[in-house]
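# Fold and geometry: a report
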Amino acid sequence: MEQIKLSNEVSISRLVHGVWRMTEWNMQPKDTVQLVEQCLELGIDTFDHADIYGDYQCEKMFGKAMELAPELNDKIKIVTKCGIQLVSQKRPKNYIKHYDTSFEHIVWSAENSLKMLKRSNVDVLLIHRPDPYINPEEVAKAFNKLKEEGKVKAFGVSNFLPAQFKALQAHLDFPLVTNQIEVSVAAHQEFENGNIDFCQENGLRPMAWSPLAGGAIFTAQTHRFITLKNVLHRISDHMGVPIDQVMYAWLLQHPVGLIPVVGSGKIKRIKSAVAALDVKLSRQQWFDIWVASRGEGVA
Amino acid sequence: MEQIKLSNEVSISRLVHGVWRMTEWNMQPKDTVQLVEQCLELGIDTFDHADIYGDYQCEKMFGKAMELAPELNDKIKIVTKCGIQLVSQKRPKNYIKHYDTSFEHIVWSAENSLKMLKRSNVDVLLIHRPDPYINPEEVAKAFNKLKEEGKVKAFGVSNFLPAQFKALQAHLDFPLVTNQIEVSVAAHQEFENGNIDFCQENGLRPMAWSPLAGGAIFTAQTHRFITLKNVLHRISDHMGVPIDQVMYAWLLQHPVGLIPVVGSGKIKRIKSAVAALDVKLSRQQWFDIWVASRGEGVA
Amino acid sequence: MEQIKLSNEVSISRLVHGVWRMTEWNMQPKDTVQLVEQCLELGIDTFDHADIYGDYQCEKMFGKAMELAPELNDKIKIVTKCGIQLVSQKRPKNYIKHYDTSFEHIVWSAENSLKMLKRSNVDVLLIHRPDPYINPEEVAKAFNKLKEEGKVKAFGVSNFLPAQFKALQAHLDFPLVTNQIEVSVAAHQEFENGNIDFCQENGLRPMAWSPLAGGAIFTAQTHRFITLKNVLHRISDHMGVPIDQVMYAWLLQHPVGLIPVVGSGKIKRIKSAVAALDVKLSRQQWFDIWVASRGEGVA
């Protein structure tokens, strides 16, 4: 599988595995080790975390598994995130969900992620959400410290708009390497809020979270989603490939070079995502989905 | 009439003639020749085309006329466009209206325009609509080839937002020379989406399509358009000039330097547009129209 | 009180006094002198005007007071504005409220402000509103003339969006020093339209007008404002400081460095604003207000 060079220090696989829902997968540590090994065999060497996933438990679960097979730590790359403060028994001081991008919290959170993950470093640390109370100079100071100490190799953001990206970038000595945004056949807002354009302007590779729309297309009963589902089924039938591969292919072949975060604990589903790398939609098929997704034809 | 320098290679007249509706004008080739000659006498030497106008027929009709008077080809400038794929008997492979800004399509479409127009080059080629599936590197490759081969002198876009403009510009070795946008007393969105600001920031001269709002003001029955029509009539009466000249003057005197595309086949209407170059609205008259158009006073 | 350096020529106090409603304060010139002296004692040395405040009367009233104590003129800094043309008995030629950012009007208006204020210069001149009919080159010419003649030390804007700011800045030889925008616990749009981000990107210090929301929170009966008022009261009670200080603190401690324009004629209220410089909200308190203001939790 292709490696995507995000910076001189960091390359990640064309598909990334996401552990967002790991706590729902009922896995023992040895099962997680097996999943990681199977991903590696497929060429997926990058795992997407966040401090808050699984109510602050996913990094810890993953780290416990890695203790069983510590040699894997040198073969995998880790993306993790910080900046959201949940109301949680794990964070008893929090009485309102908020963001914290202070120097102290970023450093503490990154170091805590290393502790949970049982690693000496992570490859990429993302600010999870744009913080209306952000102090870009403080974030820069925290990033510099973590980089100098070898704890984080590269930095990025998630769910930022271009103006927010530029405000932070202006205070950094090195380029942010990605913006992890929500993109799927059901979520086209990033094409319209300037983020995809901004990535293309600046040669930035976005990651795509919820690339299958969390299954919403298959359960929702709106006119838009029913139409979209029908178009996807038609293309799936026509090409003889499963519908999830059509959805991944729609993302994978976009020229901006979206890196989907595959959020499944089932190796069968992950293999299907990998197979989607070989599915090529025609331009008209791509637009057929685009038009159904937006609910109106192109102008 | 003033010439507007778009680049070192291309200047166009302050008013441009647009053939969008040419197929509705019931003109014989000799009539078209006469119209072109009359435009040239008025100083209008630039003609705005697109591959798709008249269901892919306008360029061909225009080219046939030019065969009757080939010497005119050296006196006129041509703007044309590419990138929209219509569902049309002329394009039997298209089953859904879509955009195509691939290297292959841009080159093929531009070369086909030359064939239809019976010309060896056009002055400006525009990407007709922002393409959500654009690959700016491919567009750059196509533009470079067409420029090097002398087939297109300069390039621009149409209906792009600033973020889309910047994404494409970042991949080009030469500046895009214009953005052809919809602006009229009835269509003020470009003042509010950042496009006029962006043109002023970058010294870019926008072209204005549908500068008379396609007559909508005179047929629509909305409160906003009735109010706007009344304001236009009041100013028209006060100044003793026809209402279309008030509408053109409102565009022509804006400091951004809008270049209206005059889309009429009737020389009388074209002469009226030219006469509007001498109409000067006061600042309060300009705002009177602005306020009526937006339906609310300034803050 | 801290001085904020806006340019090599101009520094202003961390809090600015605003005379917007001066005509409602029923002050004699000697009362105004006293208010200015009391502000200076508190460290507030900057007074925010506009040509139009009080239907073109505030500058004049202020100037008359300063004639009683001309020595104060060297101790205070003046921000004033131009560019709005009101329908007013004072401006009999105006039949529609409009903007005028022509060379002639900017120069005339600034010189007229000096005449009204009985001063030889002002520290900062702002374009009061973004003008859809702006000619940035003309504005630049006017700014250059006023600067060269020593009549205005620095220039800025008010209520501009980033695209509008950049369009003007591109034509100036010196940086605009501020954007005076509406920000308060009840007016969070500037966090969402890119302006706060743009200021952080460019190290620009915004001024905040209507920092107490003009009292709207205390009179309006909307669900959002009732919720917001309750949160403010809760925090006020918890911290043992008046509610207006909570509202000022929310602005003052934001990392972008907002400079509130304190628009009261009562020294007691002004002193309370100054006291807010010592109030420190926790990050969760800041978000508690943010969430109540927006009517939804953070994502």
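Residues numbered from 1 in each chain as written. Chains lettered and ligands numbered in written order. Predicted model: local features only at pLDDT ≥ 70, side-chain atom pairs only at ≥ 80, totals over all residues. Heavy atoms only, no water.

## With respect to the pattern of salt bridges
According to the stated counting rule, one finds 51 salt bridges over all chains in the structure shown. Note that B:Lys77 is salt-bridged to B:Asp45, the shortest N-O span being 3.1 Å. Taken as a pair, B:Lys77 in strand 5 (residues 77-82) and B:Asp45 in the loop between helix 1 (29-42) and strand 4 (46-48) lie far apart in primary sequence, 32 residues in all. For the pair formed by B:Lys77 and B:Asp45, the shared burial category is buried. Where B:Lys145 meets B:Glu149, a salt bridge forms, and the shortest distance between an N and an O atom there is 2.8 Å. Of the residues examined, B:Glu149 reaches a relative accessible area of 39% and is grouped as partly exposed. Sharing partners across several salt bridges, the network here consists of A:Glu111, A:Lys145, A:Glu149 and A:Lys151. (Salt bridge = Lys/Arg side-chain N within 4 Å of Asp/Glu carboxyl O. Helix = DSSP H or I, 4+ residues; strand = E, 2+ residues; numbered from the N terminus. Buried < 20%, exposed > 50% of the residue type's maximum accessible area, 1.4 Å probe, protein only.)

## Section: the interface of chain A and chain C
With 24 residues of chain A at the interface, the matching set in chain C holds 20 residues. Both sides together, the interface formed by chain A and chain C hides about 2,000 Å², and carbon and sulfur atoms give 58% of it. Counting the surface chain A buries against chain C, the share from its top three residues, A:Tyr95, A:Pro132 and A:Tyr133, is 35%. Our count for the chain A to chain C interface comes out at 2 salt bridges. C:Arg283 is the salt-bridge partner of A:Asp131, the closest N and O atoms lying 3.9 Å from each other. Scanning the region where chain A abuts chain C turns up 10 residue pairs in polar contact (both at pLDDT 80 or more). Listing elements by their share of the side of chain A that touches chain C, those giving two or more residues are strand 7 (98-99) and helix 6 (162-169) of chain A. (Contact = heavy atoms within 4.5 Å. Buried area = accessible area lost by both parts, 1.4 Å probe. Polar contact = N/O pair within 3.5 Å; in protein donor to acceptor, adjacent residues only side chain to side chain.)

## A short note on the UniProt feature "domain: NADP-dependent oxidoreductase" (unreviewed entry) in chain A
Summarizing the sequence annotation, UniProt attributes the feature "domain: NADP-dependent oxidoreductase" (unreviewed entry) to residues 15-286 of chain A in the numbering used throughout. For residues 15-286 of chain A, helix accounts for 44% and strand for 15%, while the C-alpha atoms at its two ends are 20 Å apart. (UniProt positions renumbered as here; feature names shortened; annotations may be inferred.)

## Side note on the sheet that holds strand 8 (residues 122-127) of chain A
Residues and elements named next belong to chain A. One closed barrel accounts for 8 strands, arranged 3-4-5-8-9-10-11-12; its pairing is parallel. Taken pair by pair, the neighbouring strands of this sheet meet at an average axis angle of 30 degrees, ignoring direction. Direction of pairing for strand 11 (residues 207-209) relative to strand 12 (residues 259-262): parallel, over a ladder of 2 bridges. Bridging across to strand 12, Ala 208 finds its partner in Pro 260. Against the sheet, helix 4 (residues 103-117) engages strand 5 (77-82) and strand 8, with an angle of about 140 degrees to strand 8. (Pairing = 2+ DSSP bridges. Axes fitted to C-alpha atoms, helices over the stretch in contact; angles between N-to-C directions.)

## As for the relation of the copies chain A and chain B
Once turned by 120 degrees and shifted 0.0 Å along the axis, chain A lies on chain B with an RMSD of 0.0 Å. Taken together, these values place the two copies in the relation of a three-fold axis. Across chain A, the smallest distance between a C-alpha and the rotation axis is recorded for A:Ala163, namely 6.5 Å. Residue by residue, only 5% of the interface of chain A is reproduced at the interface of chain B, so the copies engage with different surfaces. (Least-squares fit on C-alpha atoms with pLDDT ≥ 70 in both.)

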